[in-house]
Amino acid sequence: GTGATTLRTANSDDAIVGITVANVHTAQITVEVYINDGSNDIHIVKDAPIPVGGSLQVLDGGAKIVMVSGDALKVKASVASSADVWVSVVDAIST
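Treat the numbers as computed from the prediction; the structure is a model and nothing was measured.

Student: Is there a simple way to think about the sheet that holds strand β4 (residues 41-50) in this case?
Tutor: One key point about sheets: their strands pair by backbone hydrogen bonds, in either a parallel or an antiparallel sense. On the basis of which strands lie adjacent, the open sheet formed by 4 strands has the order β1-β7-β3-β4 and antiparallel pairing. For this open sheet the edge positions go to β1 (5-9) and β4, each flanked by a neighbour on one side alone. For this sheet, the mean angle separating the axes of adjacent strands, direction not counted, is 15°. By the bridge criterion, 6 bridges tie strand β3 (residues 29-36) to strand β7 (residues 72-77) in an arrangement that is antiparallel.

Student: What is the right way to look at the side chain of Ser 12 in this model?
Tutor: With respect to the element layout, Ser 12 can be found in the loop between β1 and β2 (13-23). Engagement of the side chain of Ser 12 in a polar contact is seen with the side chain of Asn 11, the distance being 3.5 Å. At a separation of 2.8 Å, a polar atom in the side chain of Ser 12 contacts the side chain of Asp 14. Those residues in contact with Ser 12 that lie beyond four places of it in its chain are Met 67, Val 68, Ser 69, Asp 91 and Ala 92.

Student: In this structure, what is going on with the environment of Gly 18? I would like to understand it.
Tutor: As for its position among the elements, Gly 18 is in strand β2. C-alpha of Gly 18 to C-alpha of Thr 30: the two residues are 12 residues apart in sequence and 19 Å apart in space. Those residues within four positions of Gly 18 in sequence are excluded, and the remaining contacts are Leu 59, Trp 86, Val 87 and Ser 88.

Student: What is the right way to read the pattern of salt bridges from this model?
Tutor: By the definition in use, this model includes 3 salt bridges. Of the charged contacts in the structure, one is a salt bridge between Lys 46 and Glu 32, with a shortest N-O distance of 3.8 Å. Separated by 14 residues along the polypeptide, Lys 46 in strand β4 and Glu 32 in strand β3 bring together distant segments of the chain. Judged by relative accessible area, which is 11%, Glu 32 ranks as buried.

Student: How do you make sense of the environment of Val 45 when you look at a structure like this?
Tutor: The residue Val 45 is located in strand β4 in this model. Each C-alpha atom of the pair Val 45 and Ser 82 lies 17 Å from the other, and the pair is 37 residues apart in sequence. Ignoring sequence-local partners within four residues, the contact set of Val 45 consists of Val 31, Glu 32, Val 33, Leu 56 and Val 58.

Student: I keep staring at a nonpolar patch on the surface and nothing clicks. Help me out?
Tutor: A contiguous nonpolar surface patch, about 370 Å² in accessible area, is contributed by Val 17, Val 66, Val 68, Val 90 and Ile 93. For Val 68, a relative accessible area of 42% corresponds to the partly exposed category.

Student: Would you explain the side chain of Lys 74 in this entry?
Tutor: By the secondary structure assignment, Lys 74 is in strand β7. Lacking a salt bridge, the buried Lys 74 has Asp 41 as its closest oppositely charged neighbour, with an N-O distance of 6.8 Å. A polar contact is formed between the side chain of Lys 74 and the side chain of Thr 6, at a distance of 2.9 Å. Sequence-distant contacts of Lys 74, that is, excluding residues within four places in its chain, are made with Ala 4, Thr 5, Thr 6, Leu 7, Glu 32, Val 33, Tyr 34 and Asn 36.

Criteria and thresholds
Every chain is numbered on its own, with residues counted from 1 as its sequence reads. Given that this is a predicted model, residues contribute local features only at a pLDDT of at least 70 and side-chain atom pairs are listed and counted only at 80 or more, while totals for whole chains, interfaces and linings are drawn from all residues. Only hydrogens and water are removed before side-chain values are computed, so all heavy atoms of the structure are retained for them. If DSSP finds at least two bridges between two strands, the strands pair. Comment: elements are numbered from the N terminus, with helices defined as DSSP H or I runs of at least four residues and strands as E runs of at least two. Each axis is a line fitted through C-alpha atoms, taken for helices only over the stretch in contact, and angles between the N-to-C directions span 0 to 180 degrees. Throughout this description, a polar contact denotes any pair of N or O atoms lying within 3.5 Å of each other; where both atoms belong to protein, one of them has to be capable of donating a hydrogen while the other can accept it, and for residues adjacent in sequence the pair is counted only when both atoms sit in side chains. In what follows, a contact means two residues having at least one pair of non-hydrogen atoms within 4.5 Å. For this document, the term salt bridge refers to a Lys or Arg side-chain nitrogen within 4 Å of an Asp or Glu carboxyl oxygen. The buried label goes to any residue with under 20% of its type's maximum accessible area, the exposed label to any with over 50%, and the partly exposed label to all in between, with areas taken from a 1.4 Å probe on protein chains only. Patches were defined on residues exceeding 30% relative accessible area and lacking a salt bridge, with like-charge contacts within 9 Å and nonpolar side-chain contacts (Val, Leu, Ile, Met, Phe, Trp, Tyr) within 5 Å. Surface exposure here means Shrake-Rupley accessible area, sampled with a 1.4 Å probe, where a residue is shielded only by the protein chains that are shown. Only four residue types enter the charge count: Lys and Arg as positive, Asp and Glu as negative, with His and the chain ends excluded.

Next up, the structure:
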């Protein structure tokens, strides 16, 4: 469906070092990528358009996002089954 999918739930302090979303649909789609901290959705991108055959590199230039234990990284696309997502993570950056 077009509901949010949880890509990762942090079990420690984790660093997201890469997120790529590819459009595998036959038309342009829009995507949202966000972190839910248990009560709030904090958007990284919202309603970002991805053309047919294109992709969106959500983090670039060496950017990193730190998730604390319990944070959930989520993605939502405008069309069901229209996006492939790859996430690169460094697990347990501090203890």
